[in-house]
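Structure assessment
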Amino acid sequence: QVQLVESGGGLVQPGGSLRLSCVASGFRFGVYDMRWYRQAPGKERELVATITGAGMPLNYADSVKGRFAISRDNAKNTVYLQMTSLKSEDTAVYYCQRMPAFGYWGQGTQVTVSS
């Protein structure tokens, strides 16, 4: 049973920081690439970042480069997304996903950037 549980979202002011966590279970976490996606109201789902099973970040969306950092702790079956210099455009529901996903999604965590 594959499970993905995102947490850490909330309300933050522009310029602030937030750290998202995704705890995975039901598979050998350390051998899979993991990704963070986000979806804002009225917009398509966007791939934010990817990290290899060994912990090497592969790429970031242009909109978040230099501000976000993906990392993981395989001993804790957890992938993180550290977000800094947050903008209103970052407001979205954030999801993590295994690659290949085979249709498994968590429920996401809401990030709202507003004054």
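Shown above is the structure to which this text applies.
In short, a report on the structure. Because the structure is a prediction, the values reported are computed rather than measured.

**Looking at the packing of aromatic side chains**
- Scanning all chains against the criterion turns up four aromatic pairs.
- Taking 6.2 Å as the distance between ring centres and 45° as the angle between the ring planes, the aromatic pair formed by Phe27 and Phe29 counts as tilted.
- Through a chain of ring-to-ring contacts, the aromatic side chains of Phe27, Phe29 and Tyr32 assemble into a single cluster.
- The ring of Tyr80 carries the charged tip of Arg19 above its face, separated from the ring centre by 4.0 Å.
- Sitting above the plane of the Phe27 ring, Arg98 keeps its charged end 4.9 Å from the centroid.

**Things to note about unusual backbone geometry**
- For the bond from Met99 to Pro100, the omega torsion is 0°, close enough to zero to count as cis.
- Phi at Asn77 is positive, roughly 55°, even though this residue is not glycine.
- With respect to the helices, strands and loops of the structure, Asn77 is situated in the loop between strand S7 (68–73) and strand S8 (78–83).
- For Phe102, which is not glycine, the phi dihedral falls at a positive 50°.
- Structurally, Phe102 is set in the loop between strand S9 (92–99) and strand S10 (109–113).

Cut-offs applied
Residues numbered from 1 in each chain as written. Predicted model: local features only at pLDDT ≥ 70, side-chain atom pairs only at ≥ 80, totals over all residues. Heavy atoms only, no water. Phe/Tyr/Trp six-rings, centres within 6.5 Å; stacked < 30°, edge-to-face > 60°. Lys NZ or Arg CZ within 6 Å of the ring centre and 35° of its normal. Helix = DSSP H or I, 4+ residues; strand = E, 2+ residues; numbered from the N terminus.

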